[in-house]
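Each chain is listed here by its residues.
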Amino acid sequence: MKFEVITLFPDMFKAIKEEGVIARAINKSILSINTWQLRDFSDNKHNNIDDKPYGGGAGMVMQVKPIRDCINKIKQANPNTKVIYLSPQGEKFNHKIANKLSNIDSITLLCGRYEGIDERVIEKDIDMEISIGDYIISGGELAAMVLIDAIGRQVSEVLGNKDSLNDSFTNGLLNFPQYTRPQQIDGQKVPEVLLSGNTASINHWRLQQSIKRTKQKRKDILALKDEK
Ligand code: 4G4
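First, a word on what this report is: a plain description of the structure on this page.

Parameters and conventions
Residues numbered from 1 in each chain as written. Predicted model: local features only at pLDDT ≥ 70, side-chain atom pairs only at ≥ 80, totals over all residues. Heavy atoms only, no water. Phe/Tyr/Trp six-rings, centres within 6.5 Å; stacked < 30°, edge-to-face > 60°. Near = heavy atom within 4 Å. Polar contact = N/O pair within 3.5 Å; in protein donor to acceptor, adjacent residues only side chain to side chain. Areas by Shrake-Rupley, 256 points an atom, 1.4 Å probe, with all protein chains shown as cover. Helix = DSSP H or I, 4+ residues; strand = E, 2+ residues; numbered from the N terminus. Nonpolar A, V, L, I, M, F, W, Y, C, P; charged D, E, K, R; others polar. Salt bridge = Lys/Arg side-chain N within 4 Å of Asp/Glu carboxyl O. Buried < 20%, exposed > 50% of the residue type's maximum accessible area, 1.4 Å probe, protein only.

As for the packing of aromatic side chains
In step 1: Counted under the stated rule, the structure contains 1 aromatic pair.
In step 2: Here the aromatic rings of Trp36 and Phe41 are separated by 6.5 Å at their centres, their planes lie at 45°, and the arrangement is tilted.

The structure is reproduced here in structure tokens:
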């Protein structure tokens, strides 16, 4: 799966290209992340890609032409790429959307800065608008990295083991509590059942724990379970 990222700050993506499971998947050629410097598509000598908003007001708006030219360039090599704009107005991102998108061959992520992009890009060039939550961040880059990580880790073969099958949300529930050595520390013990070696009892206990904590911490997703 290929991610194309349109951004004014390509170096930010070193964070995800160079560390962790996504970096490993890139090195194994399962995933690729290709960044596009939007300034390279500027039509002026100062490499500006933004201008004042019509109607007045504070801040700047990213212009149509550089973004449209960049998307069209990307489409020359990836005609079927799905173009996603990260914005506070988008559909709220979740595990189910990440799973759907993990089956796509090419995704293009457009990272906004300033007050965002000219509306005419959204009308004509964008397939999907996604938000990572109800808050504002300074640019779409961190949101794009959240998508790359969440989508990338659901691509089969990215997690060498089958760990993602046990993640929270995969079965519509939060994950059960985890313990590792030592068996006892500062008077705190590992639950007895986990030491029993009885797989059936362990699985039963874990499911009960998942249900209990989802009821306690996330009643909202319990109600949505069938939507998955
Ligand atoms: C588009 C429009 C995404 C992008 C305006 C991006 C929050 C999210 C941006 C802006 C973002 C989100 C700078 C306000 C960049 N903020 N919730 N910021 N702003 O997914």
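After presenting the structure, the write-up continues.
Considerations on the site of the ligand
In step 1: Close to the ligand lie 17 residues, the nearest being Tyr85, Ile132, Gly133, Tyr135 and Ile137.
In step 2: The contact in question runs from a nitrogen atom of the ligand to an N or O atom on the backbone of Gly133, over 2.8 Å.
In step 3: Ile137 is positioned with one of its backbone polar atoms (N or O) 2.8 Å from a nitrogen atom of the ligand.
In step 4: Here the ligand, which alone exposes 450 Å², has 92% of that area covered by the protein.
In step 5: Tallying contributions element by element places strand E5 (residues 82-92) first for the shell around the ligand, with 4 residues.
In step 6: Looking at the shell around the ligand, its residues break down into 8 nonpolar, 8 polar and 1 charged.

Regarding the pattern of salt bridges
In step 1: For the coordinates displayed, the defined rule picks out 8 salt bridges.
In step 2: Residue Glu141 is joined to Arg113 by a salt bridge in which the shortest nitrogen-to-oxygen separation is 2.9 Å. In this pair, Glu141 sits in helix H6 (residues 141-152) while Arg113 sits in the loop between strand E6 (106-111) and helix H5 (119-124), placing the two residues 28 residues apart along the sequence.
In step 3: With a relative accessible area of 17%, Arg113 lands in the buried category.
In step 4: Here Arg153 ties to Asp167 by a salt bridge, and the two come within 2.7 Å at their closest N and O atoms. Of this pair, Arg153 sits in the loop between H6 and strand E8 (184-185) while Asp167 is found in the loop between H6 and E8, placing the two residues 14 residues apart along the sequence.
In step 5: Classification of Asp167 by relative accessible area gives partly exposed; the value is 22%.

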